[in-house]
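# Overview (structure and organization)
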Amino acid sequence: MTRLIDGKAVAAKVRAEVAQGVAEYRARHGRAPGLHVVLAGEDPASAVYVRNKERAAAEVGMAGRVHRLPSSVGTEALLALVRELNQAPEVDGILVQLPLPPSAHAEPVLLAIDPAKDVDGFHPVNVGALWTGAPGLVPCTPRGCLRLLDELGVELAGARALVIGRSNIVGKPMAALLLGRSATVTVAHSRTRGLQELCREADVVVAAVGRAKLVKASWLREEAVVIDVGMNRDEAGKLCGDVDFEDVHGHVAALTPVPGGVGPMTIAMLLENTLRAARARAGD
Ligand code: GUN
């Protein structure tokens, strides 16, 4: 029997917790935490993501807005906006939606964000804090994965955890979070040899490599807990994960579906990061 992990339900629980925290913050400080999203250009996927973030923030009672810039925007104009948001006391979280248009460079813009307001957790100061176990803001998707593991009650200390994927947004911070919980962590990626053997030894598998239906049932232990971060299209154009859901379902202890698993967690954790940033800035 495979337990299916309902990311929508856990995300709703997180959002309810955040809404409560926002109300308390507001009562204490006379204003709601503010999330400011910078959207440059017309990328259709980014437009959808940003609209969802805007709606989710409003639903939990947060303040803030989306700053829309033309696709011709240059690095300097983005830097000027980020500096203005860094200085504004009512701004608690700043998120620059990626990818930026070709006219702008992402790296200096992300580096310019005040680490205390960096709700994506991409700034090197926050990356360093995560790897050294210091307080800081942690990327939303891996935090969402960890929350799902916690909701399941998975014992991570001493567990063999395999992270497939080494991106700065998911794979690397996921490995740091699991290490922080005393798991024995292996990071595999597109150049890894013997991936099937590594999977066979894993108690926890987090797949975030961007290869449709890569991970098969025969690779996995029956006791394995499998978190699928993949968002791919299969041959029929249907949304699918990095794990072959039909094959794996029924063969492992727990599994996140795609869609409805990790996906809904990302925005919920963004809201939580914004509340955390607001509280930390206020000294709560
Ligand atoms: N584009 C796709 N995912 C993300 C994300 O998590 N953060 C930002 N800033 N841009 C993205």
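We now turn to the structure provided with this report. Since the model is a prediction, treat every value here as computed from it, not as a measurement.

## Points about the nonpolar core
- Among the nonpolar cores identified, the biggest contains 56 residues, and V18, M62, L149, L178, I227 and L271 are the most heavily contacted of them.
- Among the elements that line this core, the one with the most residues is helix 10 (residues 263–282), at nine residues.
- Beyond its immediate sequence surroundings of up to four residues, L271 is in contact with R15, V18, A56, A57, V60 and M62.

## Things to note about unusual backbone geometry
- Going from L98 to P99, the amide bond is cis rather than trans, its omega being 0°.
- By the secondary structure assignment, P99 is in the loop between strand 4 (93–96) and helix 4 (106–112).
- Residue V258 is joined to P259 through a cis peptide bond whose omega torsion reads 0°.
- With respect to the helices and strands, P259 occurs in the loop between strand 11 (254–255) and helix 10.
- In this model, S182 sits at a positive phi of 70°, which is unusual for a non-glycine residue.
- As for its position among the elements, S182 is in the loop between helix 7 (171–180) and strand 6 (184–188).
- Given a relative accessible area of 46%, S182 falls into the partly exposed group.
- Even without glycine at this site, K213 takes up a positive phi of about 55°.

## Topic: the environment of A208
- Within the fold, A208 resides in the loop between strand 7 (204–207) and strand 8 (225–228).
- Judged by relative accessible area, A208 falls into the buried class, the value being 17%.
- Between the C-alpha atoms of A208 and L137, which are 71 residues apart in sequence, the distance is 20 Å.
- Look past the residues within four positions of A208 in its chain and what remains in contact with it is I164, G165, V170, V229 and D242.

The rules we used
Residues numbered from 1 in each chain as written. Predicted model: local features only at pLDDT ≥ 70, side-chain atom pairs only at ≥ 80, totals over all residues. Heavy atoms only, no water. Core = buried A, V, L, I, M, F, W, Y, C linked by side-chain atoms within 4.5 Å. Buried < 20%, exposed > 50% of the residue type's maximum accessible area, 1.4 Å probe, protein only. Helix = DSSP H or I, 4+ residues; strand = E, 2+ residues; numbered from the N terminus. Contact = heavy atoms within 4.5 Å.

None of the figures reported here should be taken as evidence of function without further support.
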